[in-house]
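# Coordinate analysis (summary)
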Amino acid sequence: MGAVVDLHLHTTVSDGRLTPTELIKLVAGKGLKVVSISDHDITDGLAEAYQAAKEFPDMRIIPGIELSTDIPGDEIHMLGYFISYEDDAFQTILSRFREGRLERGQAMVEKLAEHGLHVEWERVKEIAGEGSVGRPHIALALVEKGYFKEPKDAFAEYLGRNGLAYAEREKMTPEEGVQMLGRIGGVAVLAHPAQLADLDEKAGQLKAAGLVGMEVYYAQYSPETIDRLARVAENHGLIPCGGSDYHGLGNTGELLPGTMGPPMETVERLEEASRKIMQSAN
Ligand code: AMP
Ligand code: ZN
Ligand code: FE
Ligand code: FE
């Protein structure tokens, strides 16, 4: 019994390893009916995805994005759905974030070298391709050099937020993320929130700032965690969302698209919320 909705997927335009076309073929083959491509700080995969989806007329793609935002001591990922992504001002901000990713990536490669792990920045950029450079690309370069067995192993000691080679970059606050999405008709959804300290309080604050949903049906979460998150969402009137967060990085135990997702009703509620945001933005 697979999911029919998967609202969290990555492609090669950010740190996923399948091209938009390959991903669309995969999710269609899994029987998914509604999917969202939600790459990090970039929407360049959408055009190709829509093109590839012409072959699968009963599958729908929701335009999405995943923004990294900052709070003291932690990071909050904010998903945006039903975004009018061709907006010029929006694209300008995204390009600036991607430039910040380049500087940050280079700084991390330098820090790795200080700790005796040598990868070429040029090689990291080659692995990343044209789009949004992220830590998984550095992890892949480290694996290629034989320092680690698989990409996720590079995070605990080096690439994770408290890792030895971590470097910061410019990010907005979650509230700014919600606003930025709202300006282009997007609905903001808190991504993989289980590990956040004071989730209940944060959910309330962000709801007041315009947050519409939060991830509940997230493939890597246990049934107990999903229950807990479903209650938080319900208490704050947030639409329960979710998906696989599929990257295709080759980590052991990586869950495929369609492993878990929200019910179809979630899509209808998100769309309704987007319509309201659009109306109040105009
Ligand atoms: P970045 O966009 O450069 O901040 O990298 C974020 C991405 O790195 C996430 O989407 C995950 O794919 C990956 N990532 C972050 N933290 C971890 C972790 N602890 N273990 C494995 N992958 C991680
Ligand atoms: Zn990622
Ligand atoms: Fe994320
Ligand atoms: Fe993600």
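Bear in mind the structure is a predicted one, so any value in this text is a computation, not a measurement.

Criteria and thresholds
The residue count restarts for each chain, going from 1 along the sequence in the order it is written. Each chain gets a letter, beginning with A, and each ligand a number, beginning with 1, in the order they are written. The predicted origin of the model limits local features to residues at a pLDDT of at least 70 and limits the giving and counting of side-chain atom pairs to 80 or more, whereas totals for whole chains, interfaces and linings rest on all residues. Where side-chain values are given, they derive from all heavy atoms of the structure, hydrogens and water being excluded. Only DSSP runs of H or I reaching four residues or more are called helices, and only runs of E reaching two or more are called strands; each is numbered from the N terminus. Throughout, exposure labels follow a simple rule: accessible area from a 1.4 Å probe, protein chains only, divided by the maximum for the residue type, with under 20% read as buried, over 50% as exposed, and the rest as partly exposed. For the purposes of these results, a polar contact is taken to be a pair of N or O atoms within 3.5 Å, where, inside protein, one atom must be able to donate a hydrogen and its partner to accept one; residues adjacent in sequence count only when each atom of the pair is a side-chain atom. Side-chain rings of Phe, Tyr and Trp (the six-membered ring for Trp) are treated as a pair once their centres are within 6.5 Å; stacked means planes under 30 degrees apart, edge-to-face means over 60, and tilted covers the remaining angles. Here the term donor refers to an N, O or S atom within 2.8 Å of the metal (or 3.2 Å for Na, K and Ca), and because water is left out of the atoms, sites may appear incomplete. Irregular is the default label, applied whenever a site is not tetrahedral (four donors, all angles between 85 and 135 degrees) and neither square planar nor octahedral (four or six donors, opposite donors over 155 degrees apart, all other angles between 65 and 115). One speaks of a salt bridge when a side-chain nitrogen belonging to Lys or Arg is within 4 Å of a carboxyl oxygen belonging to Asp or Glu. Neighbouring residues are identified by heavy atoms, a residue being near a molecule or strand if any of them is within 4 Å of it. In these tables, accessible area is a Shrake-Rupley quantity obtained with a 1.4 Å probe, and a residue counts as shielded only by the protein chains included in the view. Note that Gly is not counted as nonpolar here; it falls among the polar residues with everything else outside the nonpolar set of Ala, Val, Leu, Ile, Met, Phe, Trp, Tyr, Cys and Pro and the charged set of Asp, Glu, Lys and Arg. A pair of strands counts as paired when DSSP detects no fewer than two bridges linking them. Throughout, an axis means a line fitted to C-alpha atoms (over the contacting stretch in the case of helices), and angles, computed between N-to-C directions, take values from 0 to 180 degrees. In this analysis, two residues are considered to be in contact whenever any of their non-hydrogen atoms come within 4.5 Å of each other.

This brings us to the environment of Glu 144. Position of Glu 144 among the secondary structure elements: in helix α5 (residues 135-144). Given a relative accessible area of 47%, Glu 144 falls into the partly exposed group. As a C-alpha pair, Glu 144 and Glu 271 span 127 residues in sequence and 42 Å in three-dimensional space. Of the polar contacts made by the side chain of Glu 144, one reaches the side chain of Arg 123; its length is 2.7 Å.

Moving on to the packing of aromatic side chains. Applying the stated criterion across every chain yields a total of two aromatic pairs. Aromatic side chains Tyr 218 and Tyr 221 sit 4.8 Å apart centroid to centroid with 50° between the ring planes, which places their arrangement in the tilted category. With respect to burial, Tyr 218 and Tyr 221 carry one shared label: buried.

The expected angle between donors at a tetrahedral four-coordinate metal is 109.5 degrees. At an octahedral six-coordinate metal it is 90 or 180 degrees. Every protein donor of the iron ion (ligand 4) is accounted for by His 8 (NE2), His 10 (NE2), Glu 66 (OE) and Asp 245 (OD), and the metal-donor separations fall at 2.1 to 2.3 Å. Coordination at the iron ion (ligand 4) comes from four donor atoms whose angles at the metal span 77 to 163°, giving a geometry best classed as irregular. Owing to a relative accessible area of 1%, His 10 belongs among the buried residues under this scheme.

A full pass over the atoms with the stated rule returns 15 salt bridges. One salt bridge connects Arg 60 with Glu 271, and the closest N-O pair in it is separated by 2.6 Å. Taken together, the residues Arg 60 in strand β3 (residues 60-71) and Glu 271 in helix α10 (residues 264-281) connect sequence positions 211 residues apart. Judged by relative accessible area, which is 34%, Arg 60 ranks as partly exposed. For the salt bridge of Lys 171 with Asp 70, the shortest nitrogen-to-oxygen distance reads 3.7 Å. With Lys 171 in the loop between α6 (153-159) and α7 (174-182) and Asp 70 in strand β3, the pair connects residues that are 101 residues apart, well separated along the chain. Assessed through its relative accessible area of 24%, Asp 70 is described here as partly exposed. Counted as one network, the salt bridges with shared partners bring together Asp 70, Arg 161, Glu 168 and Lys 171.

Here the focus is the coordination of the zinc ion (ligand 2). Within the protein, the zinc ion (ligand 2) binds to Asp 15 (OD), Asp 15 (OD), His 40 (NE2) and His 247 (NE2); these donor distances fall in the range 2.0 to 2.8 Å. Ordering the donors of the zinc ion (ligand 2) by residue number gives the pattern D-x24-H-x206-H. Distance-wise, the iron ion (ligand 3) is placed 5.6 Å from the zinc ion (ligand 2). Here His 40 lies in the loop between β2 (34-37) and α2 (46-53) and Asp 15 lies in the loop between β1 (5-9) and α1 (20-29), a separation of 25 residues in the sequence. According to the relative accessible area criterion, His 40 is buried, its value standing at 8%.

As a matter of local geometry, ligand 1 sits amid Asp 15, His 40, Arg 101, Arg 104, Gly 134, Arg 135, Pro 136, Lys 152, Phe 155 and His 247. The contact in question runs from an oxygen atom of ligand 1 to an N or O atom on the side chain of His 247, over 3.2 Å. When ligand 1 is considered free in solution it has 500 Å² of accessible area, and contact with the protein chains removes 73% of it. Of all elements in the fold, only α3 (88-114) and α5 reach the threshold of two or more residues within the shell around ligand 1. A class-by-class count of the residues in the shell around ligand 1 yields two nonpolar, three polar and five charged.

This part is about unusual backbone geometry. Within the chain, Asp 41 stands out as a residue other than glycine whose phi angle is a positive 55°. Topologically, Asp 41 is positioned in the loop between β2 and α2. The phi torsion at Asp 198 lies on the positive side, around 55°, for a residue other than glycine. Assignment of secondary structure puts Asp 198 in the loop between β5 (187-190) and α8 (199-208). What makes Asp 198 exposed here is its relative accessible area of 52%.

Here β3 lies mainly inside the structure; ten of its twelve residues are buried. Direction of pairing for β2 relative to β3: parallel, over a ladder of four bridges. What sits directly across from Val 34, in β3, is Arg 60. With eight bridges joining them, β3 and strand β4 (residues 74-81) adopt antiparallel strand pairing. Within β4, the position partnered with Glu 66 by the bridge is Leu 79.

Turning to the sheet that holds β4, a few remarks are in order. Pairing is mixed across the open sheet formed by seven strands, whose spatial order is β1-β2-β3-β4-β5-β6-β7. Two strands lie at the open edges of the sheet, namely β1 and β7 (239-243), each paired on one side alone. Between one strand axis and the next, the sheet turns through 35° on average, direction left out of account. Alignment of β4 against β5, held across four bridges, turns out to be antiparallel. Looking at the pairing, Tyr 81 lines up with Val 187 of β5. Contacting β3, β4 and β5, α7 crosses the sheet at an angle of about 150° to β3.

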